[in-house]
There are 2 protein chains.
Amino acid sequence: MVARSFYAYVRKKCRVRLVPKMVQLYSFVAMKLQNLTTSDHASVVSINLFVALLCACIVIGHLLEENRWMNESITALIIGVCTGVVILLLSGGKSSHLLVFSEDLFFIYLLPPIIFNAGFQVKKKQFFRNFITIILFGAVGTLISWAIISFGVIQFFKRLDVGSLDIGDYLAIGAIFAATDSVCTLQVLNQDETPLLYSLVFGEGVVNDATSVVLFNAIQSFDLTRLNTSTALHFIGSFFYLFFASTMLGVVTGLLSAYVIKKLYFGRHSTDREVALMMLMAYLSYILAELFYLSGILTVFFCGIVMSHYTWHNVTESSRVTTKHAFATLSFVAEIFIFLYVGMDALDIEKWQFVSDSPGTSVAVSSILMALVMVGRAAFVFPLSFLSNLAKKSPTERVGIKQQVVIWWSGLMRGAVSMALAYNQFTRSGHTQLRGNAIMITSTITVVLFSTVVFGLMTKPLIRLLLPQPSRTLSDPSTPKSLSVPFLGSAQDSFDFGASDVPRPNSIRALLTTPTHTVHYYWRKFDNAFMRPMFGGRGFVPFVPGSPTERSARQWE
Amino acid sequence: MVARSFYAYVRKKCRVRLVPKMVQLYSFVAMKLQNLTTSDHASVVSINLFVALLCACIVIGHLLEENRWMNESITALIIGVCTGVVILLLSGGKSSHLLVFSEDLFFIYLLPPIIFNAGFQVKKKQFFRNFITIILFGAVGTLISWAIISFGVIQFFKRLDVGSLDIGDYLAIGAIFAATDSVCTLQVLNQDETPLLYSLVFGEGVVNDATSVVLFNAIQSFDLTRLNTSTALHFIGSFFYLFFASTMLGVVTGLLSAYVIKKLYFGRHSTDREVALMMLMAYLSYILAELFYLSGILTVFFCGIVMSHYTWHNVTESSRVTTKHAFATLSFVAEIFIFLYVGMDALDIEKWQFVSDSPGTSVAVSSILMALVMVGRAAFVFPLSFLSNLAKKSPTERVGIKQQVVIWWSGLMRGAVSMALAYNQFTRSGHTQLRGNAIMITSTITVVLFSTVVFGLMTKPLIRLLLPQPSRTLSDPSTPKSLSVPFLGSAQDSFDFGASDVPRPNSIRALLTTPTHTVHYYWRKFDNAFMRPMFGGRGFVPFVPGSPTERSARQWE
């Protein structure tokens, strides 16, 4: 984006031939070129620093695990900010960042493994049982939140001296701050302790990220000066198209991977091929979605769900263990990297210089945004929970008021998605030199840092206060979010850790005899009659001597 | 490198202020910038293509596995060339590459996982038993090969109309073509079928890569016009320093990872953290070596060996399975990627246009290089094998003449290391527009393609002809190089697959009672008395209830 507009800028300058300015531009371009290719020692230095810091974050995160307040995101963020300060001091106040925050790095390399892993490890039964509520929260809720934030920003910012922002910028701000940080949410809620809350908040987070990105892209591409019923309908239509098409693409890619691995039966030969193919096809689904301008987040999430339901059962046992842990590890490293990166980038001195002459405005903007985020979220969590509760028959399935508060609270954090969108919107002209842009970027950084650190620190104690779990021991709350593998149980157990959502034979029977959920019952029937024989899945891989199913078949006899 | 020299070029131009040429330069710079940042849709398209082609390579490689001639490298190379042809036709003969061959991509991202995995999976006993021979082949042999190729090139190229090459270029050509492709070698030899040959050829390959890179860097940095005894001694000194320092760095990083994981005992909590830390520390060793201008290849190789000896035994069972397979998979994907990439880059039309007016010269240069590679390798394999055989007592340990032919043959392939070094040497002035540079680049591509495809295709049959293995069944030769896991054996077995070099209790006893190799015996003693209690390792992790060792301890009782 930057390069393209810079290119246009250079072309324009060439046409008018401003010879005296060209020499300046030259050295600027040459400097840019050197920064961009960084084929020399500087890039090696920054890679070194990042890898060493990642190691430090993992070790410190482990040591602080028993701590009641901290989590890995906050640790990484704090380490990032501290490193930024050290670099700033060492370089004599000139520069604090080794890498400029890059949308590409974030959206193309770091986000896909996180979202894919989320889909891969999510408890499918919980997720689909709450599907309607999740969609309600993620899509409708985000729209409500977006509308409130945009409206509030339009009202308040006009009274402040913010700089030149147009209607498109205001709506974009709404979309930027409507994006809940699902990464940070995953860190504070626990799938085993609070399964209902986890599936609601996390499912909402994924759908919400997708909604925000879709909204944001729509705002950037639609002509907002001529807003009428036709454009509004077109907007809604494209939203539904994106939602549906992205999901389908993810499902199709997942099924394709299951079919290919089942047909070719890689297990006979090589675990490496299976693992490689699963990884590559998962990434392919994301990047294909980006190719067709769909929402890669939704696509790779559903691809993860389908892969864990079908493909994962078609591979060898070694591949199962490897994929489970390798995906979780990649996601874990990507998460830490993002927070480290955001922390280090936060101290970029250039942007702060532009707002340092009016600290009052900056603080006001950040506070208003923070307040709007809280109000915007409250405005949909409580009404939509009420609506969702009306549809539920049994009182145990209803979302209580305390749980609603936790849902509201744990979605207040803003993270890397907001950062990336803000950079996209406010650095499009190739620089943050405009006052309005600089203020918006620094305010976004402030909101992200504040919400992640302050709200993040208070989430664990809040959950403990609102939802006391008397049966739990002290060491339990610190179980890391990803996999709690029975480390010592027989190896057989350790292969089941991801399949706790798939009932054992007797519970399958129980489920079939008492069909509590009609949709689930019919899906199960369809799955067993058509999908599993076609694409494999638990207990439906054709029996081949020496195949990975042989053992599991035996153990059921 | 390219950017830096280009920067210098721009600066020079700025100083002399060649205004009319500046506009041309502008559009060139702008184009470059656009190519470099590729933040737009083009990069998404090329990522899509690459990921899809990688999937295709894996599937086709699997289908062709039973084939007597093919291997995965050749498949990827051919698919790459075919894709290049298709793109060339689609773009109307303008461009055939989506990505320009990038040294950085190769040396910073693709090579480390391959070499690390090689160290991690190598059979340590075989490797260290043949250590002297490997060093003899890898270091002394490469120097002999380099001397012969350089000398030959100086003699022959003066008679051909090659363009302006100086003494530094000739010596660099020697280093470029002295680098055996260890990646391709791994594909054609099998660790289980021919363990001695595998460890010799592969070990030589790693040391040889390192030697070539060290030689190459030395040639680029030393002033070769004033060659005397002092510079020669300095050269030899720096060579030994690099060799020793790189190895030590790898060993120290590996031991550090073992110590950290043992002390913190991540296993109690999270498999993800252990896997992440192992991966990051392995990469850290490579990138630290690059930071200190050492040989990253040697460093990461020894780091892999140390990690598999100590660190791997300190982690949970899930982590063991995951790391084994995840490292192998990463290495596998990186290998395929390299060959695909070299194949696609080979058809870059720009370079070929420069040599198309004198096809005779180009063919002559390639043939001479190919012949020199063969002669240079023969000149050290046979004499050094003779020397090495003199030192061996038992006839079974000696390297027979047939095996010598196989060693000679399987080291003839030239691969991505040669490509990367050639690009470094001959595109330093920012373009391949010079006749000599263009000829050298295209000849390197020709030699790489020819040697990989033709020699690669003939290696399997040659080995079958020279070293018949009567006891093997038909499906055996197709076992992939990496891991042949017992797919159906009990889960317990599958955790031992990487430890076949570590003897079982009774064979440990046998080994200790009959110390065949004195060095090995003392190392063993030192390892058991000091190293293992300190850094962990098989059977030496402190017993903690619920720890990964509990089960293995039990099984030994």
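Note that the structure is predicted; figures quoted are calculated from it, not measured.

Participant: Is there a simple way to think about the overall build of chain A in this case?
Facilitator: Each helix and strand in chain A was counted, giving 23 helices and zero strands. For chain A, buried positions account for 58% of its 557 residues. Long-range contacts, defined as pairs at least 24 residues apart, comprise 82% of the intrachain contacts of chain A with a sequence gap of at least 6. Working note: accessible area of chain A is about 22,500 Å², and carbon and sulfur atoms make up 67% of it.

Participant: Is there a simple way to explain the side chain of B:Thr311 in this structure?
Facilitator: Examined against the element boundaries, B:Thr311 turns out to sit in the loop between helix 13 (296-309) and helix 14 (317-345). With a relative accessible area of 0%, B:Thr311 lands in the buried category.

Participant: Is there a simple way to explain the packing of aromatic side chains in this structure?
Facilitator: One pair of aromatic rings is described through two measures. These are the centre distance and the angle between the planes. All chains considered together, the criterion is met by 42 aromatic pairs over all chains. An angle of 85° between the planes, with centres 5.3 Å apart, marks the rings of B:Phe127 and B:Phe128 as edge-to-face. Between the aromatic rings of B:Phe127 and B:Phe131, the centroid separation amounts to 5.9 Å while the plane-to-plane angle is 70°, which identifies the pairing as edge-to-face. By way of ring pairs, the aromatic residues A:Phe127, A:Phe128, A:Phe131, A:Phe301 and A:Phe302 are connected into one cluster. The residue whose ring lies beneath A:Arg320 is A:Trp312, and the NZ or CZ to ring-centre distance is 5.8 Å.

Participant: Honestly, helix 14 of chain B in this entry has me stumped. Any pointers?
Facilitator: End to end, helix 14 of chain B covers 42 Å across 29 residues, agreeing with the expected 42 Å (1.5 Å per residue, within 8%). Of all 29 residues making up helix 14 of chain B, 28 are buried, and the element is well covered by its neighbours.

Participant: How should I be thinking about the environment of A:Glu72 in this particular structure?
Facilitator: Looking at the secondary structure, you find A:Glu72 in helix 4 (residues 72-90). Taking the C-alpha atoms as reference points, A:Glu72 and A:Cys57, separated by 15 residues in sequence, lie 7.5 Å from one another.

Participant: Before we go on, may I ask you to explain the side chain of A:His309 in this structure?
Facilitator: Residues and elements named next belong to chain A. Counting through the fold element by element, histidine 309 comes out in helix 13 (residues 296-309). Overall, the relative accessible area of 12% leaves histidine 309 in the buried class. Those residues in contact with histidine 309 that sit more than four places away from it in its chain are Lys124, Trp523, Asp527, Arg532, Gly537 and Arg538.

Participant: Which parts of the structure should I look at to understand helix 19 (residues 435-466) of chain A?
Facilitator: With 32 residues, helix 19 of chain A extends 43 Å between its outermost C-alpha atoms, agreeing within 8% with the 46 Å of an ideal straight helix rising 1.5 Å per residue. Its maximal kink placed at A:Thr459, helix 19 of chain A deviates by approximately 35°, while the proline A:Pro461 follows within four residues.

Participant: Teacher, can you tell me more about the state of the cysteines here?
Facilitator: Disulfide: a covalent bond connecting the sulfur atoms of a pair of cysteines. Per the stated rule, a full pass over the model turns up zero disulfides over all chains. A:Cys57 forms no disulfide, and the closest cysteine sulfur to it belongs to A:Cys55, at a distance of 9.3 Å.

Participant: What should I look at first to understand the packing of helix 17 (residues 401-410) of chain B against helix 19 (residues 435-466) of chain B in this one?
Facilitator: The axes of two packed helices give the description: the angle between them and the distance between them. All names here are of chain B. Contact pair helix 17 / helix 19: the axes reach a minimum separation of 10 Å and the direction vectors enclose 170°. Between helix 17 and helix 19, the interaxial angle falls into the category roughly antiparallel. Where helix 17 abuts helix 19, its residues Lys402, Val405, Val406, Trp409 and Ser410 lie against Phe455, Met458, Thr459, Leu462, Ile463 and Leu466. In terms of residue class, the contact of helix 17 with helix 19 is built from eight nonpolar, two polar and one charged.

Participant: Teacher, can you tell me more about unusual backbone geometry here?
Facilitator: A negative phi angle is the norm for most residues apart from glycine, just as the trans form is the norm for most peptide bonds. All names here are of chain A. The phi dihedral of tyrosine 293 is positive, around 55°, even though this residue is not glycine. Within the secondary structure, tyrosine 293 sits in the loop between helix 12 (271-291) and helix 13. Look at tyrosine 293 and you get exposed, because its relative accessible area is 60%.

Participant: Any chance you could explain the pattern of salt bridges here in plain terms?
Facilitator: Residues and elements named next belong to chain A. Under the defined criterion, the tally for this structure stands at four salt bridges over all chains. Arginine 377 is paired through a salt bridge with glutamate 204; the nearest N and O atoms lie 2.9 Å apart. In this pair, arginine 377 sits in helix 16 (residues 359-391) while glutamate 204 sits in helix 10 (residues 195-221), placing the two residues 173 residues apart along the sequence. With respect to burial, arginine 377 and glutamate 204 carry one shared label: buried.

Participant: Just to check I follow, could you spell out a nonpolar patch on the surface for this structure?
Facilitator: Residues and elements named next belong to chain A. Taken together, the side chains of Tyr259, Trp523, Phe526, Phe530 and Met534 make up a nonpolar region of the molecular surface, amounting to roughly 460 Å² of accessible area. The biggest single contributor to the nonpolar patch is helix 22 (residues 518-535), with four residues. Topologically, methionine 534 is positioned in helix 22.

Participant: Whenever I open this one, the nonpolar core confuses me. Can you help?
Facilitator: Grouped burial of nonpolar side chains is what soluble globular proteins tend to show. Core analysis: the largest hydrophobic core is formed by 267 residues, its most contacted members being A:Phe157, A:Ile173, B:Phe157 and B:Ile173. In this structure, A:Ile173 is in contact with A:Ile149, A:Val153, A:Phe157, A:Leu165, A:Leu369, A:Phe426 and A:Met440, ignoring residues within four places of it in sequence.

Participant: Just checking my understanding: could you explain the confidence of the model for chain A for this structure?
Facilitator: Caution applies to low-pLDDT parts of the model: their predicted coordinates are not meant to be read in detail. Residues and elements named next belong to chain A. When pLDDT is averaged across chain A, the result is 74; 74% of the residues are at 70 or more. Note that pLDDT drops below 50 for residues 508-516; the model gives that stretch seven contacts with residues more than four away or on any other chain. Scored as a whole, the predicted complex attains pTM 0.78, and scored at its interfaces, ipTM 0.77.

Participant: Looking at this structure, I do not really get the packing of helix 11 (residues 229-264) of chain B against helix 13 of chain B. What am I missing?
Facilitator: Residue and element names in this part refer to chain B. For the pair helix 11 and helix 13, interaxial distance at closest approach is 7 Å and the crossing angle is 35°. When you trace helix 11 past helix 13, the crossing you get is right-handed. Judged by residue contacts, Phe243, Ser246, Thr247, Leu249, Gly250, Val251, Thr253, Gly254, Leu255 and Ser257 of helix 11 engage Leu298, Thr299, Phe302, Cys303, Val306 and Met307 from helix 13.

Participant: When you look at the environment of B:Phe239 in this model, what are you seeing that I'm missing?
Facilitator: All names here are of chain B. With respect to the helices and strands, the residue phenylalanine 239 is situated in helix 11. When its relative accessible area of 11% is taken as the criterion, phenylalanine 239 is described as buried. On a C-alpha basis, the gap between phenylalanine 239 and alanine 175 in space is 14 Å, while along the polypeptide they are 64 residues apart. Setting aside residues no more than four positions away along its own chain, phenylalanine 239 makes contact with Thr211 and Val214.

About the cut-offs
Residues numbered from 1 in each chain as written. Chains lettered and ligands numbered in written order. Predicted model: local features only at pLDDT ≥ 70, side-chain atom pairs only at ≥ 80, totals over all residues. Heavy atoms only, no water. Helix = DSSP H or I, 4+ residues; strand = E, 2+ residues; numbered from the N terminus. Buried < 20%, exposed > 50% of the residue type's maximum accessible area, 1.4 Å probe, protein only. Contact = heavy atoms within 4.5 Å. Areas by Shrake-Rupley, 256 points an atom, 1.4 Å probe, with all protein chains shown as cover. Phe/Tyr/Trp six-rings, centres within 6.5 Å; stacked < 30°, edge-to-face > 60°. Lys NZ or Arg CZ within 6 Å of the ring centre and 35° of its normal. Expected span 1.5 Å × (residues − 1). Bend = angle between axes of the 7 residues up to and from the residue. Disulfide = S-S within 2.5 Å. Axes fitted to C-alpha atoms, helices over the stretch in contact; angles between N-to-C directions. Parallel < 35°, antiparallel > 145°, perpendicular 65-115°, else oblique. Nonpolar A, V, L, I, M, F, W, Y, C, P; charged D, E, K, R; others polar. Salt bridge = Lys/Arg side-chain N within 4 Å of Asp/Glu carboxyl O. Patch = residues over 30% accessible without salt bridge, like charges linked within 9 Å, V, L, I, M, F, W, Y side chains within 5 Å. Core = buried A, V, L, I, M, F, W, Y, C linked by side-chain atoms within 4.5 Å. pLDDT = per-residue confidence, 0-100. Left-handed = near helix turned anticlockwise from the far one by under 90°.

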